[in-house]
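Results of the structural survey
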Amino acid sequence: MELGILWSIALCSLASLIFRATSTKLSPEPGGLCTSSVYRCDIRSEARRLTCAGTLHGVHAFPHELHNRIRFLSLCKWYQNYFNPELLRLYNKIEKFTLSRSIITRLVYDFPPLHKLKVIIMANLDLEDLSTTTFHSVPHLRVLDIRGNKFLTLSSAMLDNLPDLHQVYLEGKAPYQVIIMANLDLEDLSTTTFHSVPHLRVLDIRGNKFLTLSSAMLDNLPDLHQVYLEGKEYMCKDELLWIADDSRPGNLILDRHEMVCGWKYPGLGVEPVMRILKKMNAECPSDPPYHCMCMLDNAVENLPPESLENSETLPSQELPPLIEDTGRSSGNLVPIITVDCSYRKLNRLPDKLPDNTTTVLAQGNQITDISLLLTNQHYSHILDLILDYNPIKSIDRLEGAVWLQTFRNLSLRGNKLTQLPTYALDNALERNPNVNHIYLGDNPWKCDCRFTPGFQDLMVKYESVIPDPMNIRCAVNEDPAISQQPIRTLSKSLICSSDQSNIQPLLLLNIGLLTSIMFVLLKFCYDYIMYKKFGQLPWIITIIP
């Protein structure tokens, strides 16, 4: 990266490290000797603390037993612009090492094996680089303070194999421009995590376990121009809509095509799913008077064109328009959307629905008219329509509708239906390969000789489609034999006997017509015989002028 000053911070595990970019001191610096103009060594605290200014001044010639007693080693005003950690090999029992008040730009070797060393302080030294293996031979290191240096880059590998490490101090002399916290299994970041780094230009937090990230995290970072967020466990909800923005901060994410949903849409790219959600929210009838809620149930990859040509499952008009997938998926994504308008006190269905809506839930309203299924193109691809507990009295207007040949589930429980066009419904169901269920229970069905037998035949023919036959009952009737009885179990004789008052006048009329026809035929035969034998014309002929 072509940056004037590049700071790259990679932390081994933020869950176990306390990151502080402040000037807080761990302990007081060695006083006296390091603040004076004297260059020598000083041993104190019963030979447990060794402080040297300038160089070690022949301390290596001390007896071995003395070296083993040293627990705290402080070096300051070092005479060279580099330092060799191998000098510490003699002090294999030290617990704390401090190197301060020196101009040192590099370490020539890694730290030697020091299994007792727990604290390393090398602050304000102008160090420019550290090897990834600098501290690997100090396995029990707990605190590392390398603030106030001039590092151009720091690798997270530098902190590998340090299981006891729990405090790291990295404040630099120049503004941070790059932060790398990749592959750390991080699960969350505060919205203000980076707000104290105003000159940040590159942020790399890929390979973590974030479920969601707020765009507020990137606020107040005017210099930011590269963000890396690749991950495979994102919870693809509205909180991530900003990922799909073509303006800041969405357009700063250079690897958003590598961001993958985990929950609900596993394996789908975050960006295409967020684009679908944005479009769905914009088209959702959530404003008054509808106040509906729209949900993306799933998004599936569309079949290639050659597969669609050979498909006989759905008629061509059943295929919804496609949403282009600009993310991980190799083809196009077809969203599956549910619009929930239940219990909203609506007296009509919404005029507009999001593209690719397949399910409409509208139970518990005051809807009486469902003619939108005939006239509104937004309902042409609805597969599941739930209209339970509305005052719908008739569905006769759907007779001959194409929708009846394509729907999957229709629920009309708890309405005010008394009859339905059985012949038209039978004809439509025979042509519908998608039909799954029709719910018709809890309606006040009319039970008479004209409607009920055909309705019974329909229920028997489509018993797998009508799953609630025992809830399809006659309306409250004066005849207790059929009142509130399951229609499917009623005999035809019982139904027709209860309808005798309507049948008797018709029967009398038929008998009268038959009697009249017989009289006319007998009179014709009589007149014919009389004419042939006696030449006598019918009486009616003699009086006609």
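Looking at an unreviewed UniProt entry, one finds the protein chain named Protein singed wings 2 and attributed to Diaphorina citri.

Right, let's get into the overall build of the protein chain. Within the protein chain, the regular secondary structure consists of nine helices and 21 strands. Within the protein chain, the fraction of its 545 residues that count as buried is 45%. Counted over contacts in the protein chain with a minimum sequence separation of 6, partners at least 24 positions apart contribute 60%. When the accessible surface of the protein chain is split by element, carbon and sulfur atoms take 54% of a total near 28,400 Å².

Residues in a regular strand point their side chains to alternate faces of the sheet. The buried fraction of strand 3 (residues 49-53) is high, at four of five residues. Bridge analysis of strand 2 (residues 41-44) against strand 3 gives four bridges, and the strand direction is antiparallel. Across the sheet, residue Arg44 finds its bridge partner in strand 3, namely Arg49. Two strands pair when backbone bridges link them, and strand 3 and strand 4 (residues 72-76) are joined in this way by five bridges, in the parallel orientation. The partner of Cys52 across the bridge, within strand 4, is Leu75. Once the chain exits strand 3 it traverses helix 1 (residues 64-69) before rejoining the sheet at strand 4, and the crossover so formed is right-handed.

Turning our eyes to something else, we now look at the side chain of Asn208. Tracing the backbone shows Asn208 in the loop between strand 12 (202-204) and strand 13 (226-228). Overall, the relative accessible area of 6% leaves Asn208 in the buried class. Among the polar contacts made by the side chain of Asn208, one reaches the main-chain amide nitrogen of Leu186 at a distance of 3.0 Å. A polar contact of 2.8 Å, which involves the side chain of Asn208, links it to the backbone oxygen of Ile205. Setting aside residues no more than four positions away along its own chain, Asn208 makes contact with Met181, Ala182, Asn183, Leu184, Asp185, Leu186 and Glu230.

With that settled, consider the packing of helix 5 (residues 422-430) against helix 6 (residues 452-461). Helix packing for two helices is described by the angle between their axes and how far apart those axes are. Running from amino to carboxyl end, helix 5 crosses helix 6 at an angle of 20°, the nearest separation of the two axes being 10 Å. The angle between helix 5 and helix 6 places the two elements in the roughly parallel class. In terms of crossing hand, the pair formed by helix 5 and helix 6 is left-handed. Together, Thr422, Leu425, Asp426 and Glu430 of helix 5 and Gly454, Phe455, Leu458 and Lys461 of helix 6 make up the contact between the two elements. Of the residues belonging to the contact of helix 5 with helix 6, the class tally is three nonpolar, two polar and three charged.

Time to look at the pairing of strand 18 (residues 357-361). Among the five residues in strand 18, five count as buried, and that is most of the element. Alignment of strand 17 (residues 333-340) against strand 18, held across four bridges, turns out to be parallel. Paired with Val339 across the bridge in strand 18 is Val360. Pairing of strand 18 with strand 19 (residues 384-386), which is carried by three bridges, proceeds in the parallel orientation. Bridge pairing in strand 19 places Leu361 opposite Ile386.

A word on the state of the cysteines. Within the structure shown, the criterion is met by six disulfides. The partner cysteine of Cys284 in its disulfide is Cys294, sulfur to sulfur 2.0 Å. Torsion about the S-S bond of the Cys284 and Cys294 cystine: about 95°, corresponding to right-handed handedness. With Cys284 in the loop between helix 2 (270-283) and strand 16 (293-301) and Cys294 in strand 16, this pair connects stretches of sequence that are ten residues apart. In this pair, the class of Cys284 matches that of Cys294, namely buried. Between the sulfur atoms of Cys292 and its disulfide mate Cys341 the distance is 2.0 Å. Taking the torsion about the S-S bond as the criterion, the Cys292 to Cys341 disulfide, at about 115°, is right-handed. On the criterion of sequence distance, the pair formed by Cys292 in the loop between helix 2 and strand 16 and Cys341 in the loop between strand 17 and strand 18 is long-range, its members being 49 residues apart. The same class applies to Cys292 as to Cys341, namely buried.

Scoring rules and cut-offs
- Residues numbered from 1 in each chain as written.
- Predicted model: local features only at pLDDT ≥ 70, side-chain atom pairs only at ≥ 80, totals over all residues.
- Heavy atoms only, no water.
- Helix = DSSP H or I, 4+ residues; strand = E, 2+ residues; numbered from the N terminus.
- Buried < 20%, exposed > 50% of the residue type's maximum accessible area, 1.4 Å probe, protein only.
- Contact = heavy atoms within 4.5 Å.
- Areas by Shrake-Rupley, 256 points an atom, 1.4 Å probe, with all protein chains shown as cover.
- Pairing = 2+ DSSP bridges.
- Right-handed = clockwise from strand over helix to strand, strands pointing away.
- Polar contact = N/O pair within 3.5 Å; in protein donor to acceptor, adjacent residues only side chain to side chain.
- Axes fitted to C-alpha atoms, helices over the stretch in contact; angles between N-to-C directions.
- Parallel < 35°, antiparallel > 145°, perpendicular 65-115°, else oblique.
- Left-handed = near helix turned anticlockwise from the far one by under 90°.
- Nonpolar A, V, L, I, M, F, W, Y, C, P; charged D, E, K, R; others polar.
- Disulfide = S-S within 2.5 Å.

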